[in-house]
Amino acid sequence: MNEPRDEEIQSLLKQAIAPLTRNLERDLWPRMLQRLDERSATVPWFDWALLALLALWLCFSPQAIPVLLYHL
Amino acid sequence: MLEPQTELFEEFAQGDLEAFEKLFRQFQGEIYGWIVRIVRDPGVAEDLTVETFWRIYRARARFDPSRNFGGWARRIATNAALDCLKSGHLKHARTEAFLLEDSASVSPPNPGVQRDLRERTARAFQQLPAKLRIAATLALIEEMPYKEIAEALDISAGAVKLRVFRALRLLRKSLKEMGVEP
């Protein structure tokens, strides 16, 4: 770590890539709100899977439709 | 930065959007500043700041209001930046251009070091594995204390030193292959 050659590499590195300090130039809250809205509108994959299973079940057992409607 | 009241943290942990907004506005600049140092691309840093706060919001129930919010947020930000570097989401050329533009904006301590040499060093640095690159960026370029880096990476200071050491070895090897002998 403290070998002279390591220090030379570090020096070379600092001349190639300068330290960076940047301030945020705009408020990111509107983008955050947009992200939150997008995510809340997204239906989770397992909900889609359940819906697909239900549709399959109803296709193969149409007689179950009245039973399902009765229980809703 | 001063930590806000614990009450605000508690409200945030319970899912209060107003509390989250207050924390977002208070910490967005700090988190952005941290991320931009790692990814070195202002546009990507903005995206990652939003991604970080999205992860923070999802993990709100796991946050202990008695702990340091800034430190916790910084760890999440570091992980988001690490994921970005690993995924190769950063376009190589764009980042490289940014590095060079950045280098040109400050006068180098040794003007004798040629632009070509700086370019090759920056390219070799870009090829380092993401974990080593983050540790080396923060320790060698930004010259941040090992303790602070360790907290952000959620590892020990010894592990940070080891990553920096490995980064230097790999960098030396890459530079040697490029015909640069420091």
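Quantities reported herein were computed from a predicted structural model and do not represent experimental measurements.

Enquirer: Can you walk me through the overall build of chain B in this structure?
Expert: When its secondary structure is counted, chain B shows 9 helices and 0 strands. Residue pairs in contact within chain B that sit at least 24 positions apart in sequence constitute 67% of those at least 6 positions apart.

Enquirer: Whenever I open this one, the overall build of chain A confuses me. Can you help?
Expert: Along the backbone of chain A there are 4 helices and 0 strands. Its helices and strands taken in sequence order, chain A reads α-α-α-α from the N to the C terminus. The buried share of chain A, reckoned over its 72 residues, is 12%.

Enquirer: Explanation requested: the nonpolar core in the structure shown.
Expert: Side chains of a nonpolar character, in soluble globular proteins, are inclined to be buried together. Residue and element names in this part refer to chain B. Residues I35, V39, A81 and A135 are the most contacted members of the largest nonpolar core, which totals 55 residues. Counting residues per element, this core draws most heavily on helix α2 (residues 17-39), at 11 residues. Counting residues domain by domain, this core receives three or more from each of domain 1 (6-87) and domain 2 (92-177). Residues within four places of A81 in sequence aside, it is in contact with I35, I38, V39, L48 and I134.

Enquirer: Mind showing me how you'd approach the domain arrangement of chain B here?
Expert: One widely used convention gives an interface's size as the accessible area the parts lose upon coming together. Residues and elements named next belong to chain B. Entries for chain B in the domain assignment read domain 1 (6-87) and domain 2 (92-177). On the side of domain 2, 15 residues touch domain 1, which itself brings 12 residues to the contact. At the level of secondary structure, the elements contributing two or more residues to the side of domain 1 that touches domain 2 comprise α2 and α4 (69-87). With 8 residues, the single largest contributor to the side of domain 1 that touches domain 2 is α4. Among the residues forming the side of domain 1 that touches domain 2, the class breakdown is 4 nonpolar, 2 polar and 6 charged.

Enquirer: Would you explain the packing of α4 of chain B against helix α7 (residues 130-141) of chain B in this entry?
Expert: Between two packed helices, what matters for the description is the angle formed by their axes and the separation of those axes. Residue and element names in this part refer to chain B. With their axes 9 Å apart at the nearest point, α4 and α7 run at an angle of 130 degrees to one another. Considering their axes alone, α4 and α7 lie oblique with respect to each other. As α4 packs across α7, the resulting crossing turns out to be right-handed. Counted together, T78, A81, L82, L85 and K86 of α4 and A130, K131, R133 and I134 of α7 form the full contact between these two elements.

Enquirer: How do you make sense of the interface of chain B and chain A when you look at a structure like this?
Expert: Contacts between the two partners involve 39 residues from chain B and, on the opposite side, 24 residues from chain A. The set of elements that each furnish at least two residues to the side of chain B that touches chain A consists of α2, α3 (42-58), α5 (92-104), α6 (115-126), α7 and α9 (157-177) of chain B. With 9 residues, the single largest contributor to the side of chain B that touches chain A is α2 of chain B.

Enquirer: Help me out: how do you make sense of α7 of chain B in this one?
Expert: Side chains of residues three or four places apart in an α-helix project in the same direction, reflecting 3.6 residues per turn. Residues and elements named next belong to chain B. Among the 12 residues that make up α7, 9 are buried, leaving the element largely enclosed by the rest of the structure. Considered for burial, the residues of α7 that qualify are L132, R133, I134, A135, A136, T137, L138, A139 and L140. Directly after α7, the chain includes E143, whose backbone phi takes a positive value near 50 degrees.

Enquirer: So what exactly am I meant to see when it comes to the packing of α3 of chain B against α4 of chain B here?
Expert: All names here are of chain B. Packing of α3 against α4 leaves a shortest axis separation of 9 Å and a crossing angle of 125 degrees. Judged on the interaxial angle alone, α4 and α3 are oblique. The crossing of α3 and α4 is right-handed. In this structure, α3 contributes V44, L48, E51, T52, R55 and I56 to the contact, and α4 contributes A73, I76, A77, A80, A81 and C84. Broken down by class, the residue content of the contact of α3 with α4 amounts to 9 nonpolar, 1 polar and 2 charged.

Enquirer: I tried to follow the environment of I65 of chain A on my own but got confused; where do I start?
Expert: All names here are of chain A. Inspection of the secondary structure assignment puts I65 in helix α4 (residues 64-71). For I65, a count of 11 C-beta atoms within 10 Å corresponds to the exposed category. Spatially, the C-alpha atom of I65 lies 10 Å from that of L54, the residues being 11 residues apart in sequence.

Enquirer: Would you mind showing me how to read the confidence of the model for chain B here?
Expert: Close inspection of predicted coordinates is inappropriate in any region flagged by low pLDDT. For chain B, the mean per-residue pLDDT works out to 86, and 84% of the residues sit at or above 70. For this predicted complex, the interface confidence score (ipTM) comes to 0.75, while the overall pTM stands at 0.77.

Enquirer: How should I be thinking about the environment of A159 of chain B in this particular structure?
Expert: Within the secondary structure layout, A159 of chain B lies in helix α9. The spatial distance from the C-alpha of A159 of chain B to the C-alpha of D41 of chain B is 26 Å, given a sequence separation of 118 residues.

Enquirer: Could you clarify how one ought to interpret the environment of Q26 of chain B in this entry?
Expert: For Q26 of chain B, the position within the fold is in helix α2. With 44 residues separating them in the primary sequence, Q26 of chain B and G70 of chain B have C-alpha atoms 9.9 Å apart.

Thresholds applied
Residues numbered from 1 in each chain as written. Chains lettered and ligands numbered in written order. Predicted model: local features only at pLDDT ≥ 70, side-chain atom pairs only at ≥ 80, totals over all residues. Helix = DSSP H or I, 4+ residues; strand = E, 2+ residues; numbered from the N terminus. Contact = placed C-beta atoms within 7 Å. Buried ≥ 20, exposed ≤ 12 C-beta atoms within 10 Å, placed from the backbone. Core = buried A, V, L, I, M, F, W, Y, C linked by C-beta atoms within 7 Å. Domains from an automatic or database assignment. Nonpolar A, V, L, I, M, F, W, Y, C, P; charged D, E, K, R; others polar. Axes fitted to C-alpha atoms, helices over the stretch in contact; angles between N-to-C directions. Parallel < 35°, antiparallel > 145°, perpendicular 65-115°, else oblique. Left-handed = near helix turned anticlockwise from the far one by under 90°. pLDDT = per-residue confidence, 0-100.

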